[in-house]
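Coordinates in review
Chain residues, written in single-letter form:
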Amino acid sequence: MRLDKYLAQSTGFSRKEVRRFMKAGDVVVNDQEVSDPSLHIDEEDEVYLSGFPVEAPGDKYLMLHKPLGCVCSNDDGTHPTVLSLIDLPRAEELAICGRLDVDTTGLVLITSDGKWAHKITSPKHKTGKRYLVTTADPIPADAVDKFARGLMLNNEKVRTKPAELTITGDYEAEVILTEGRYHQVKRMFAAIGNRVEALHRASIGNIELDETLEPGEFRFLTDEEINSI
Ligand code: URA
C-alpha cells in the first residue's frame, strides 16, 4: 500500500495532511525520513509519525497519560474529556477501556476495537489494573490480608474480588484489581478506615504507562502491547 494511504487510513488524517507531515520531516520509515507519498509499505515496514509508531490500517489502539482534571467520558459539560486530548480525526468515536476518576491520573487505553476493549473491562478476563495509592493515614500491615480476602463496600452486596496490595511506604501502596467497580480503590481504602489522597494507574495487564508520555500526551500501542491483552 502507498505510504500516504497507509498513514491516512491508520490515523484518520487526510492524504493532504499526511503529505504536509512528510514535507515537515515528521514521517520515518525503517529509520529513514521519507517524503515520497508513493513509497510502497509492506507488513514488515516500521512506520513512525512524529516519533510514534503507526499501526497498519485497521483498528486504532492508543495509550494516554491522563492528567488531573479531565474526565473519562465521551461528553461532559464541566471538564475536558480524555478524547478531546486525542488530536486524531473522529477521536470522539473511540472507546475508553476502563474509566478513571477526574482526580486520578495515569494509564488510559483507548481503541476502536470493541472486543479488545471488552477483554480489558470485563472481570471475566481478569486483566489486572495496577494503581499507585497515597493515603491520608498510615496503611496497617493487616490491610494486605483484608484486600486479598475481599471487602464489603458501602451499599454493595457482593464482596470485592481478591486484590493484591503491596505496602510500599507508611502512606503508600500498590494495588492490583481485576474488576472495576465505581470508585473501587477509594472505597476499598474507605472500607478499612483510610482515605485515598492521590491515585495513579501505572499499568493494565502487561501494558505499562510509557514514562516518556507527559500528562495529556498519547501514543499508538505497539503490536506486542496490543497482543498482550
Ligand atoms: N478506583 C478509584 O477509586 N478511582 C479510579 O479512578 C480508579 C479506580
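Residues numbered from 1 in each chain as written. Predicted model: local features only at pLDDT ≥ 70, side-chain atom pairs only at ≥ 80, totals over all residues. Heavy atoms only, no water.

Turning our attention to the sheet that holds strand E2 (residues 32-33). The sheet built from 4 strands is open, its strands ordered E2-E1-E3-E4 with antiparallel pairing. Edge strands, defined here as strands with exactly one partner in the open sheet, are E2 and strand E4 (52-53). Alignment of strand E1 (residues 27-29) against E2, held across 2 bridges, turns out to be antiparallel. Directly across from Val28, in E2, lies its bridge partner Glu33. Docked against the sheet, helix H1 (residues 3-11) engages E1 and strand E3 (47-49), running at close to 60° with respect to E3. (Pairing = 2+ DSSP bridges. Helix = DSSP H or I, 4+ residues; strand = E, 2+ residues; numbered from the N terminus. Contact = heavy atoms within 4.5 Å. Axes fitted to C-alpha atoms, helices over the stretch in contact; angles between N-to-C directions.)

Once that is clear, we can look at the site of the ligand. The environment of the ligand is made up of Leu100, Asp101, Thr104, Tyr131, His183, Gln184, Val185, Lys186 and Leu199. Measuring from an oxygen atom of the ligand, one finds a backbone N or O atom of Lys186 at 3.1 Å. Within the complex, 95% of the 240 Å² of free accessible area of the ligand lies under protein. No other element matches the 3 residues that helix H5 (residues 184-191) contributes to the shell around the ligand. (Near = heavy atom within 4 Å. Polar contact = N/O pair within 3.5 Å; in protein donor to acceptor, adjacent residues only side chain to side chain. Areas by Shrake-Rupley, 256 points an atom, 1.4 Å probe, with all protein chains shown as cover.)

Segmenting the chain into domains produces domain 1 (3-53), domain 2 (61-123 + 206-227) and domain 3 (128-204). Using C-alpha coordinates to define each centre, domain 2 is positioned 22 Å away from domain 3. Opposite the 20 residues of domain 2 that make contact, domain 3 presents 14 residues. In total, domain 2 and domain 3 occlude about 1,200 Å² of area from one another, counting both sides; carbon and sulfur atoms represent 42% of this. Contact with domain 3 buries surface across domain 2, with Asp101, Leu107 and Pro123 losing the most and accounting together for 31% of the total. Linking domain 2 with domain 3 are 3 salt bridges. Of the charged contacts, one joins Lys186 and Asp103 as a salt bridge, the two residues approaching to 2.7 Å between their closest N and O atoms. Looking at the side of domain 2 that touches domain 3, the elements with two or more residues in it are strand E7 (104-111), helix H3 (114-121) and strand E12 (207-208). Counting residues per element, the side of domain 2 that touches domain 3 draws most heavily on E7, at 6 residues. For the side of domain 2 that touches domain 3, the per-class residue count stands at 9 nonpolar, 7 polar and 4 charged. (Domains from an automatic or database assignment. Buried area = accessible area lost by both parts, 1.4 Å probe. Salt bridge = Lys/Arg side-chain N within 4 Å of Asp/Glu carboxyl O. Nonpolar A, V, L, I, M, F, W, Y, C, P; charged D, E, K, R; others polar.)

So, on to the pattern of salt bridges. Taken as a whole and assessed by the stated rule, the structure comprises 15 salt bridges. Salt-bridge contacts for Lys146 lead to Asp142; the nearest nitrogen and oxygen are separated by 3.8 Å. Classification of Lys146 as partly exposed rests on a relative accessible area of 31%. By relative accessible area, Asp142 is classed as partly exposed at 43%. Notably, a salt bridge pairs Glu225 with Arg219, separated by 2.9 Å at the nearest N-O pair. For the residue pair Glu225 and Arg219, the accessibility class agrees, reading buried in each case. Taken together, the salt bridges that share partners define one network made up of Arg2, Asp4, Arg15 and Arg19. (Buried < 20%, exposed > 50% of the residue type's maximum accessible area, 1.4 Å probe, protein only.)

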